[in-house]
Amino acid sequence: MKTWIYYILFLAMALAHMNCSKSNNATCAKNFSWQQELSAETSALTQAASAYGQNPTPANCAAYKTAGTNYLNKADDVQSCATAAGQGAEFNQAIDQARQSLNNIQC
């Protein structure tokens, strides 16, 4: 009897996981724009870069690096959606440029 219950639970969990995966992919692919998804992080990164460029203090440098890290972390979250939407090449190029810029910052 217990084996039957475990089988049903396993089947239910597998079906639930498949449904979630399908709905997430459909949501990502429909009208997905990685630029729009990263707009808040892009704005924060631009502001931090401007502040650091105008006043290159250690605090502004740290804020710039933090904004860059936040941008890259969010990018990791949406990478699969960008690829599913056919925007993978453009997305990867933008992320590589951001990563290089972040690595070049010397505080």
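In this report, we go over the structure that sits alongside the text. (Residues numbered from 1 in each chain as written. Predicted model: local features only at pLDDT ≥ 70, side-chain atom pairs only at ≥ 80, totals over all residues. Heavy atoms only, no water.)

### Here's the deal with the environment of Asp76
Among the secondary structure elements, Asp76 is positioned in helix H4 (residues 58–84). With relative accessibility at 46%, the residue Asp76 sits in the partly exposed group. (Helix = DSSP H or I, 4+ residues; strand = E, 2+ residues; numbered from the N terminus. Buried < 20%, exposed > 50% of the residue type's maximum accessible area, 1.4 Å probe, protein only.)

### Focus: helix H5 (residues 88–104)
Taking 1.5 Å as the rise per residue, H5 with 17 residues should run 24 Å; its terminal C-alpha atoms sit 24 Å apart, in good agreement. Among the residues of H5, those classed as buried are Gly88, Phe91, Ala94, Ile95, Ala98 and Leu102. The arc that holds every buried residue of H5, seen down its axis, measures 135 degrees, which confines them to one face. When the buried face of H5 is taken as reference, the exposed residues oriented beyond 90 degrees from it are Ala89, Gln100, Asn103 and Asn104. Looking at the buried residues of H5, the elements they touch are helix H2 (34–37) and H4. (Expected span 1.5 Å × (residues − 1). Arc of directions from axis to C-beta. Contact = heavy atoms within 4.5 Å.)

### Remarks on the side chain of Asn60
Within the element layout of this structure, Asn60 appears in helix H4. A polar side-chain atom of Asn60 sits 3.4 Å from the main-chain carbonyl oxygen of Ala51. In this structure Asn60 touches Ala51, Tyr52 and Asn55, once residues within four positions along its chain are discounted. (Polar contact = N/O pair within 3.5 Å; in protein donor to acceptor, adjacent residues only side chain to side chain.)

### Description of the packing of aromatic side chains
Enumeration over the complete set of coordinates arrives at two aromatic pairs. Between the aromatic rings of Trp34 and Phe91, the centroid separation amounts to 5.6 Å while the plane-to-plane angle is 85 degrees, which identifies the pairing as edge-to-face. Linking Trp34 in helix H2 with Phe91 in helix H5, this pair joins segments that are 57 residues apart in sequence. Just as Trp34 is buried, Phe91 falls in that class too. Plain terms: the ring middles of Tyr52 and Tyr64 are 5.8 Å apart, the flat faces sit at 35 degrees to each other, and that makes the pair tilted. With Tyr52 in helix H3 (residues 39–54) and Tyr64 in helix H4, this pair connects stretches of sequence that are 12 residues apart. (Phe/Tyr/Trp six-rings, centres within 6.5 Å; stacked < 30°, edge-to-face > 60°.)

### Brief notes about H4
The end-to-end C-alpha distance of H4 is 39 Å, a good match for the 39 Å that 27 residues give at a rise of 1.5 Å each. If you look at H4, its biggest bend is around 50 degrees, right at Val78. Buried residues of H4: Asn60, Cys61, Tyr64, Ala67, Gly68, Tyr71, Leu72, Ala75, Val78, Cys81 and Ala82, and no others. Gly86 sits one or two residues past H4 and shows a positive phi near 80 degrees. (Bend = angle between axes of the 7 residues up to and from the residue.)

### Concerning the state of the cysteines
Within the structure shown, the criterion is met by one disulfide. Shown here is the disulfide that connects Cys61 with Cys107, its sulfur atoms set 1.6 Å apart. Across the S-S bond of Cys61 and Cys107 the torsion is about -85 degrees, and the bridge reads as left-handed. Residue Cys61 is found in helix H4, and its partner Cys107 is found in the segment after H5; the two are separated by 46 residues along the sequence. Assessed through its relative accessible area of 1%, Cys61 is described here as buried. Overall, the relative accessible area of 64% leaves Cys107 in the exposed class. (Disulfide = S-S within 2.5 Å.)

This is a description of form; function is not addressed.
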